[in-house]
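Now for the letters of each chain:
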Amino acid sequence: MGETSYLILGGGPGGLTMARMLKDRGAREITVLEASHKVGGKCLTSPIGDHVVEFGTCYAIWSHKYILKQMKKLGIERKKLKAQRIDNRELMDYIREGSGPPFIAQVIKYSRLRGQLMARAEKGDSSTNHVFAQSTQDWLRANNLGKIERMMHRVVTSIGYGYLNRLPLIHAFRWVDTDMLITGLTKFTVMPDGGWQYFWDRFAEGLDIRLEQAATKIERDETGVCVTTADGTENRADILISTIPIEAFCALTEPTAAEQYVAESVTWSGYTTSLMSVDAWPHSAPVNAWSDTCATDENDGKLLFHRFECEDEDGRYLFTVGQLSTAYETDELAEIAVFDAEQRGAEDPRVIQQAVWQYMPTYSPDRIRTGLLQTMANMQGERRTFHTGSTFSHEAVSTISAFNARLLKAVRP
Ligand SMILES: Cc1cc2nc3c(=O)[nH]c(=O)nc-3n(C[C@H](O)[C@H](O)[C@H](O)COP(=O)(O)OP(=O)(O)OC[C@H]3O[C@@H](n4cnc5c(N)ncnc54)[C@H](O)[C@@H]3O)c2cc1C
């Protein structure tokens, strides 16, 4: 039998980690097609003097085990993020004011309930669908987990994953697992020294990556797959692994019924990160989030957090800020950011750079109820195609690489 060949669509975290895992498992013919001029996907590292500003992928936590291991292998140091706060207070003080039993008792209860439900889901049990479709807030309140709810204002909403009253529980469960709870308790948050772009460039060394090769047509039959790129190149392989948004994938091919169904079940949100320059902005920790934007959707578009970056050459100070941005145009977001920064104590704030992201693919609760999760699991391998990336796991490098490690068993048994 000949060597199985693999084509991977997308050179972001989903594509790169899958390529590396396949290579480590002995595959030799692996080609990654990437539309843009660089690898790393939603990573945008911008150097300012000796400092790097991350507009996209930013932190690794305890859940990023695979990535932390790779950093070590590549000899890339980790920079530890010091204190993070909410409303300029310790996160634990904010959490303790939530309703219900002591925090540690809530952690134990949450872990137990989550573990049971996720184990049933793993086995394809559809009787849990109605629970996963519930809003995170409804489920937490029904279970008297008010302190976990407050923790999620910081670890879910403030980093752009959505408001708890709208976010289906499955998404919160995928992100807030035992490793995340350990992160919260140990305050383990790091960044790769030199920035994420440096990490991805090093990680990609030795892989066959074709940059500026946007797929424009995908054909699949019993003999193999063929992906045509914008310059007319035809790339053939036995197996296709897609990491691009599923609706974009469907537009390039004749989709299967399942692919079409998933594409129609997912809504992307908007998340905007901006670099602000200010004369002054008093702060008690490098990163601070605000509960009046994270605990309710009433202040949609206002600042979720600010992160101090560095001083610029004019002696002004640079901060990164984040906004959930689905409902606004770019210039409106800049206006809101300036107004809100002033309200929060910034002197003469100016937006100097903005990055608007297609972010956090969120499932329709109705579709979760009627079997979306089972469809997404069962469609893998159909028409020689496997799907991964944020839509199939969660919008984080850690969950994507963990998902790939599981998927690998089916991709290369
Ligand atoms: C502001 C921000 C902050 C974040 N912070 C963190 C963080 O702190 N920690 C963390 O773990 N994660 C973080 N993330 C999330 C993380 O960056 C994403 O979840 C991850 O990049 C998604 O990986 P992916 O491979 O699924 O998709 P992407 O990163 O979107 O990569 C997909 C790739 O496919 C390419 N592509 C698209 N269409 C085609 C085509 N037709 N042909 C060929 N190639 C194509 C794209 O150019 C892209 O490179 C953050 C993201 C943002 C935006």
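Residues numbered from 1 in each chain as written. Predicted model: local features only at pLDDT ≥ 70, side-chain atom pairs only at ≥ 80, totals over all residues. Heavy atoms only, no water.

## Focus: the packing of aromatic side chains
No. 1: On inspection of all chains with the given rule, the structure shows 18 aromatic pairs.
No. 2: Between Y110 and W139 the ring centres are 6.2 Å apart and the planes differ by 75 degrees, which places this aromatic pair in the edge-to-face class. Taken together, the residues span a long stretch of sequence, with Y110 in helix α4 (residues 103-122) and W139 in helix α6 (residues 136-142) at a distance of 29 residues.
No. 3: Ring pairs connect the aromatic residues Y66, W196, F199, W200 and F203, which therefore count as one cluster.
No. 4: Sitting over the face of the ring of F203, R20 holds its NZ or CZ atom 5.5 Å from the ring centroid.
No. 5: Sitting above the plane of the Y94 ring, R150 keeps its charged end 3.9 Å from the centroid. (Phe/Tyr/Trp six-rings, centres within 6.5 Å; stacked < 30°, edge-to-face > 60°. Helix = DSSP H or I, 4+ residues; strand = E, 2+ residues; numbered from the N terminus. Lys NZ or Arg CZ within 6 Å of the ring centre and 35° of its normal.)

## Structural notes on the site of the ligand
No. 1: Lining the immediate environment of the ligand, one finds 29 residues, of which E34, T57, Y59, H64 and E395 sit closest.
No. 2: Here a nitrogen atom of the ligand and a backbone polar atom of A35 are 3.1 Å apart.
No. 3: Between the ligand and Y59, the relevant distance is 2.7 Å, taken from an oxygen atom to a main-chain nitrogen or oxygen of the residue.
No. 4: Starting from 990 Å² of accessible surface for the ligand in isolation, the protein chains cover 88%.
No. 5: When residues of the shell around the ligand are traced back to their parent elements, those giving at least two are α1 (13-24), β15 (266-278), β19 (350-363) and α17 (397-411). (Near = heavy atom within 4 Å. Polar contact = N/O pair within 3.5 Å; in protein donor to acceptor, adjacent residues only side chain to side chain. Areas by Shrake-Rupley, 256 points an atom, 1.4 Å probe, with all protein chains shown as cover.)

## Observations regarding the domain arrangement of the protein
No. 1: By the assigned domains, the protein splits into domain 1 (5-41 + 195-256 + 379-411) and domain 2 (84-182).
No. 2: When each unit is reduced to the centre of its C-alpha atoms, the spacing between domain 1 and domain 2 is 31 Å.
No. 3: Taken together, the eight residues of domain 1 in the interface contact four residues of domain 2.
No. 4: Here domain 1 and domain 2 share an interface that buries about 490 Å² over both sides, 52% of which is from carbon and sulfur atoms.
No. 5: Where domain 1 meets domain 2, there are two residue pairs in polar contact (both at pLDDT 80 or more). (Domains from an automatic or database assignment. Contact = heavy atoms within 4.5 Å. Buried area = accessible area lost by both parts, 1.4 Å probe.)

## What about the side chain of E259?
No. 1: One can find E259 in helix α12 (residues 257-265).
No. 2: Dropping the residues within four chain positions of it, E259 is found in contact with R220, I246, F249, C250, M379, T385 and H387.

## Some remarks on the nonpolar core
No. 1: Of all hydrophobic cores here, the largest spans 97 residues; its most connected members are L22, Y110, W139, V176 and W200.
No. 2: In terms of residues, this core owes the most to one element, α4, which gives six residues.
No. 3: Looking at this core, you find at least three residues from each of domain 1 (5-41 + 195-256 + 379-411) and domain 2 (84-182).
No. 4: Here W200 is in contact with P13, L16, T17, V39, G40, C43, I67 and V397, once residues within four sequence places are set aside.
No. 5: Counting eleven residues, the second-largest nonpolar core is a separate cluster that includes L9, A215, V225 and A237. (Core = buried A, V, L, I, M, F, W, Y, C linked by side-chain atoms within 4.5 Å. Buried < 20%, exposed > 50% of the residue type's maximum accessible area, 1.4 Å probe, protein only.)

## Some details on the pattern of salt bridges
No. 1: One pass over the structure, following the stated rule, counts 23 salt bridges.
No. 2: With its nearest N and O atoms 2.8 Å apart, the salt bridge here joins E234 to R236.
No. 3: Judged by its relative accessible area of 59%, R236 falls in the exposed class.
No. 4: Here the salt bridges do not stand alone but share partners, grouping D279, R316, D348 and R350 into one network. (Salt bridge = Lys/Arg side-chain N within 4 Å of Asp/Glu carboxyl O.)

## Things to note about the sheet that holds strand β8 (residues 89-90)
No. 1: Taken in spatial order, the seven strands make up an open sheet running β8-β7-β16-β17-β18-β15-β19, and their pairing is mixed. Edge positions in the sheet fall to β8 and β19, since each has one partner strand and no second.
No. 2: For β15 and strand β18 (residues 317-324), the ladder comprises eight bridges, and the chain directions are antiparallel. Across the sheet, residue T273 finds its bridge partner in β18, namely G322.
No. 3: Along the sheet, α12 contacts β15 and β19; its crossing angle with β15, the most-contacted strand, is approximately 45 degrees.
No. 4: In the packing of helix α14 (residues 330-343) onto the sheet, contacts are made with β15, β18 and β19, and the angle to β19 comes to roughly 110 degrees. (Pairing = 2+ DSSP bridges. Axes fitted to C-alpha atoms, helices over the stretch in contact; angles between N-to-C directions.)

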